[in-house]
Amino acid sequence: MPPVSTAVLAERGFFPKIDLETLRHIGSRLQGHPNMNDTPGVDMSTGSLGQGVSAAVGMALSSKTFGPEYRVYALLGDGEIEEGQVWEAAMFAGNHALDNLCVIVDNNGLQIDGTIEEVNSAQPIAGKFRAFGFHVVEVADGSDFDQLRAAFAEARATKGVPTCIVARTVKGKGVSFMEGQVGWHGKAPNDEEFAIAMAELGREG
């Protein structure tokens, strides 16, 4: 389970913040993959890549079919979309005109084993989602809140088809020794690295 997800859940009061110190420890309720039976605030257990967007499509369809209508958002990595399950979900979303669904692709060009070009590139990402019936919004700088705000507004205003936002990002943005480095995919910084990272992020504002 990503540290940012557990931090948000703790901030929202689902469990005490002190529990964050047990993330991914043996016996902790905060494991690497979300477990709805153990972790308060988690509604669905997941593991394999692609499961999140598949569940999101089901949620969007449920909203359309049974109401009340709400919007569903799913965040995908550009390495994750190499999974066939993603495209089955995209095909279904396009065919059923799920305009309450917004898929965001974090396009940083890196995945756990290297660059997406070296492993199994899914480019052209925007073209593929268009082919599956999505309205596509391409964001040149995924770290620019104004660009993101405009993209989400466009997604909300789009009717009749689902939307995919393809956001170009930089892995490790704002931390000099992490930027663009695939090795930080799942590694935690040591105390010295953490201090440097926080100082650099503080200077970024």
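Structure first, text after, so check above.
With that out of the way, let us pick up the pattern of salt bridges. Summed over all chains, the structure comprises 6 salt bridges. Two residues, Arg130 and Glu138, come together in a salt bridge whose shortest N-O distance is 3.4 Å. Given the relative accessible area of 55%, Glu138 is considered exposed. Here Asp146 and Arg149 are joined by a salt bridge, their closest N and O atoms 2.8 Å apart. Here Asp146 pairs with Arg149, and both are found in helix H6 (residues 145-157), just 3 residues apart, close to one helical turn.

Attention shifts here to the side chain of Thr39. Take Thr39: it is sitting in the loop between helix H1 (3-11) and helix H2 (51-66). A polar contact of 2.5 Å, which involves the side chain of Thr39, links it to the backbone oxygen of Arg29.

A cis amide bond, omega -5°, links Gly67 with the succeeding residue Pro68. Position of Pro68 among the secondary structure elements: in the loop between H2 and strand S1 (72-77). Of the consecutive residues Gln123 and Pro124, the connecting peptide bond is found in the cis state with omega at 0°. With respect to the helices, strands and loops of the structure, Pro124 is situated in the loop between helix H4 (116-119) and helix H5 (125-131). We note that Arg24 has phi near 65°; this positive angle belongs to a residue other than glycine. Positionally, Arg24 belongs in the loop between H1 and H2. Look at Ala97: it is not a glycine, yet its phi comes out positive at around 50°.

What counts and what doesn't
- Residues numbered from 1 in each chain as written.
- Predicted model: local features only at pLDDT ≥ 70, side-chain atom pairs only at ≥ 80, totals over all residues.
- Heavy atoms only, no water.
- Salt bridge = Lys/Arg side-chain N within 4 Å of Asp/Glu carboxyl O.
- Buried < 20%, exposed > 50% of the residue type's maximum accessible area, 1.4 Å probe, protein only.
- Helix = DSSP H or I, 4+ residues; strand = E, 2+ residues; numbered from the N terminus.
- Polar contact = N/O pair within 3.5 Å; in protein donor to acceptor, adjacent residues only side chain to side chain.

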